[in-house]
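An overview of the molecular structure
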Amino acid sequence: WTLDPAGDWYYRWINLMALPILYNWVVLILRCCFPEVQEAHVGLWQSLDGLSDALYLLDIAVHLHTGFLEDGILVQDISRMRRRYLGSWTFPCDVMAMLPTELLCLLPGVPRVPGVPAARLNRCLRVPRLFEAFNRCETRTGRPNTFRMAKLMLYLLLGIHWHGCLYFALSAHLGLGVDSWVCPSFTRLLRHYLHSFYFSTLVLATVGDTPKPQREEEFLFLTAGFLLAVLGFATITGSISTVIVNLSAADAAFYPDAGPVQQYLRAQGTGRQLAERVARWHQHLRTQRKLPAEREVLQHLPHGLQAEVAASVHLPALRRVGLFRSWEYSVLRQLVLRLRPQVFGPGEFVCRRGDVGREMYFIREGRLAVVAEDGVTQLAVLGEGLYFGEISLINIKGEPHTTPQCHPVVPWGSWPPCPTGKTAGNRRTANILSIGYSDLFCLGKEDLAEVLAEFPCARAAMEAKGRELLLRMGQLNTGAEAAAVAAKAEAEQRLQGLEVALEGLQTRAARLLAQLEASTLSMALRV
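Being a predicted model, the structure only gives us computed values, none of them experimental.

Analysis parameters
Residues numbered from 1 in each chain as written. Predicted model: local features only at pLDDT ≥ 70, side-chain atom pairs only at ≥ 80, totals over all residues. Heavy atoms only, no water. Buried < 20%, exposed > 50% of the residue type's maximum accessible area, 1.4 Å probe, protein only. Helix = DSSP H or I, 4+ residues; strand = E, 2+ residues; numbered from the N terminus. Pairing = 2+ DSSP bridges. Patch = residues over 30% accessible without salt bridge, like charges linked within 9 Å, V, L, I, M, F, W, Y side chains within 5 Å. Areas by Shrake-Rupley, 256 points an atom, 1.4 Å probe, with all protein chains shown as cover. Salt bridge = Lys/Arg side-chain N within 4 Å of Asp/Glu carboxyl O. Axes fitted to C-alpha atoms, helices over the stretch in contact; angles between N-to-C directions. Polar contact = N/O pair within 3.5 Å; in protein donor to acceptor, adjacent residues only side chain to side chain. Contact = heavy atoms within 4.5 Å. Core = buried A, V, L, I, M, F, W, Y, C linked by side-chain atoms within 4.5 Å. Parallel < 35°, antiparallel > 145°, perpendicular 65-115°, else oblique. Left-handed = near helix turned anticlockwise from the far one by under 90°. Nonpolar A, V, L, I, M, F, W, Y, C, P; charged D, E, K, R; others polar.

**Let's talk about the pairing of strand S10 (residues 438-444)**
Burial runs high along S10: 7 of the 7 residues are buried. Neither face of S10 is exposed, since Ser438, Leu440, Cys442 and Gly444 on one face and Asp439, Phe441 and Leu443 on the opposite face are all buried. Of the strand pairs in this sheet, strand S3 (residues 340-344) and S10 are connected by 5 bridges, and their pairing is antiparallel. Directly across from Val343, in S10, lies its bridge partner Asp439. Both strand S5 (residues 359-365) and S10 contribute to a ladder of 6 bridges, which runs antiparallel. Residue pairing across strands places Phe362 opposite Phe441, the latter belonging to S10.

In structure tokens:
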């Protein structure tokens, strides 16, 4: 058996291995510096130590069966995996962490190590495995910044824990309560630990307000603690600040900043009501987690992966359109990359009657109303999963000027006639108003044309489907379509005539060129 280092089972295993490593880092120092803890639960500690060692041994076996990448291909040869692991620096560290150093206490002439856990400190050498688990969790979790904060807080608490345990051990060596600097003598063990933890927090956080040391050992220990705080804890604190800044940067990448818009509105002296509408729109984006800048968020992904992500999110909505149901998956994958999310607030018009239609819309969430010219009377209501404006994306010969844009919901007889009666172009024939907050997807005409240029079969199918819809709805001028077809046939015939004439001219030119070369050769021979 082999494990893929990028697979789920390997990910679960290293997360499991984080538990015994953290156990050794937290508990061993506690048992060493607080002998009462070791003596009170000897059986429990022996069981946990045995379980930890068993997991360490299993982890070595996992290392021997973990594949690796070579030229981008996963190597699953057992012998090569073993040679690679045995030749790496990880193997000696793993072996040193598994050495039964606590048995040294049983050798004759060797002084017994106080509180046997001190001989097991070599188990802490497996900390690189813990860092690997943290790194993989950070890349897989949906909240990486939150995980970084939790990881840095764990480092802080672990440093304070070790410093507090060493402080209590030094206090016990000097004598509990002999002066104001060492840990006072309490009757409860928990009180000893809490006081040591509090003292270490004051020292490592450089808060001050600690008792003045009286002895050389106390001066040295306190100085070492301050140096550790300046070097280590300052680095960790700076990392926490960086994570907080990244949180704000990630938030700005997802949502537009309302500040510049508000400043612009104030500078132009617009009304307060309009400014409040803009503020409510920005607030809605953040509270409902709407992402208007999807393209910017996904721009760093490879093109193929962008298509997969977009397809998983938007493909169901695209398949609801009758024009696209029979299309191939490869064409739809290219289309979903062109979808642009748009959010409309209450009372905003998505499109107005008479506007040139250059895009179609999919209703992802919300409700839209088809209203009359007064802007109040509702002719129909469009809900989630519906679409409108798809006829405006195709150019069909004989398509009228007043192509309705919401045929799935609104009866065709209810659309008001176009006063101009023109038969060219695609203009909106109704006013579409957002009742509340509406989350739409927009597909532009240029984006669709760019995709169809690479898929001629899809273009022909789309034009045929659109012509069928227009014929069914009585909105296709068959006379104009026939005239356009005849004009196209005549143009093709003329083009063929021009091609024949061009071929004749090329033949004559070739003959003249051959005659010129022959005359030149003859003249050269005569000279």
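Now that the structure has been shown, the text picks up again.
**Looking at a nonpolar patch on the surface**
A grouping of Val95, Met96, Leu99 and Leu125 is seen on the molecular surface, where their side chains present a nonpolar patch of about 320 Å² in accessible area. Locating Leu125 in the fold gives a position in the loop between helix H5 (90-98) and helix H6 (127-140). Judged by its relative accessible area of 36%, Leu125 is partly exposed.

**Focus: the sheet that holds strand S9 (residues 431-434)**
Note: strands within a sheet are paired through backbone hydrogen bonds, in either parallel or antiparallel orientation. Spatial strand order, S4-S9-S6-S7: 4 strands in an open sheet with antiparallel pairing. Bordering the open sheet on either side are strand S4 (349-351) and strand S7 (378-382), each of which pairs with just one other strand. Each strand of the sheet is rotated relative to its neighbour by a mean of 30°, with strand direction disregarded. Sheet analysis places strand S6 (residues 368-371) next to S9, joined by 4 bridges and oriented antiparallel. Residue Val370 lies in a different strand from S9, and its bridge partner there is Ile432.

**Examining the side chain of His161**
Relative to the assigned elements, His161 resides in helix H7 (residues 144-174). A polar contact is formed between the side chain of His161 and the backbone oxygen of Val26, at a distance of 2.8 Å. Aside from chain neighbours lying at most four places away, what touches His161 is Trp25, Val26, Ile29, Leu30, Tyr193 and Phe197.

**A word on the nonpolar core**
Nonpolar side chains tend to gather and get buried jointly when the protein is soluble and globular. Counting 23 residues, the largest nonpolar core has Leu318, Phe324, Trp327, Leu335 and Phe362 as the members making the most contacts within it. Elements with a minimum of two residues in this core: helix H13 (303-319), helix H14 (329-336), S5, S10, helix H15 (445-452) and helix H16 (456-472). The dominant element in this core, judged by the number of residues it contributes, is H13, at 5 residues. Counting 19 residues, the second largest nonpolar core, distinct from the first, contains Val37, Trp181, Phe199 and Val203.

**Overview of the environment of Glu138**
Tracing the chain through its elements places Glu138 in helix H6. For Glu138, a relative accessible area of 17% corresponds to the buried category. Contact partners of Glu138, with chain neighbours within four places excluded, come to Pro144, Phe147, Arg148 and Lys151. Side-chain polar atoms of Glu138 contact the side chain of Arg148, separated by 2.4 Å.

**Re the packing of helix H1 (residues 8-33) against H6**
Two numbers describe how H1 lies on H6: the axes approach to 8 Å, and their chain directions differ by 130°. It follows that H1 is oblique to H6 by the angle criterion. Considering how the two elements wind past one another, H1 and H6 form a crossing that is left-handed. Two secondary-structure elements touch here, H1 through Asp8, Tyr10, Tyr11, Trp13, Ile14, Asn15, Met17, Ala18, Ile21, Leu22 and Trp25 and H6 through Val127, Arg129, Leu130, Glu132, Ala133, Arg136, Cys137 and Arg140. Looking at side-chain class alone, the contact of H1 with H6 contains 13 nonpolar, 1 polar and 5 charged residues.

**Things to note about the pattern of salt bridges**
All chains considered together, the criterion is met by 18 salt bridges. Here Glu450 makes a salt bridge to Arg338, at a shortest N to O gap of 3.2 Å. Taken as a pair, Glu450 in helix H15 and Arg338 in the loop between H14 and S3 lie far apart in primary sequence, 112 residues in all. For Glu450, a relative accessible area of 43% translates into the label partly exposed. Note that Arg494 is salt-bridged to Glu490, the shortest N-O span being 2.9 Å. Placement of both Arg494 and Glu490 in helix H17 (residues 478-526) is noted, with a separation of 4 residues, approximately one turn of the helix. A relative accessible area of 39% places Glu490 in the partly exposed class. By sharing partners, the salt bridges in this structure join Asp59, Asp94, Arg126, Arg129, Glu132 and Arg136 into a single network.

**Comments concerning the environment of Glu218**
Relative to the elements of secondary structure, Glu218 occurs in helix H9 (residues 216-254). As for Glu218 and Val182, which are separated by 36 residues in sequence, their C-alpha atoms are 8.2 Å apart. Non-local contacts of Glu218, meaning those with residues more than four positions away in its chain, are made with Leu174, Asp179, Trp181, Val182 and Pro213.

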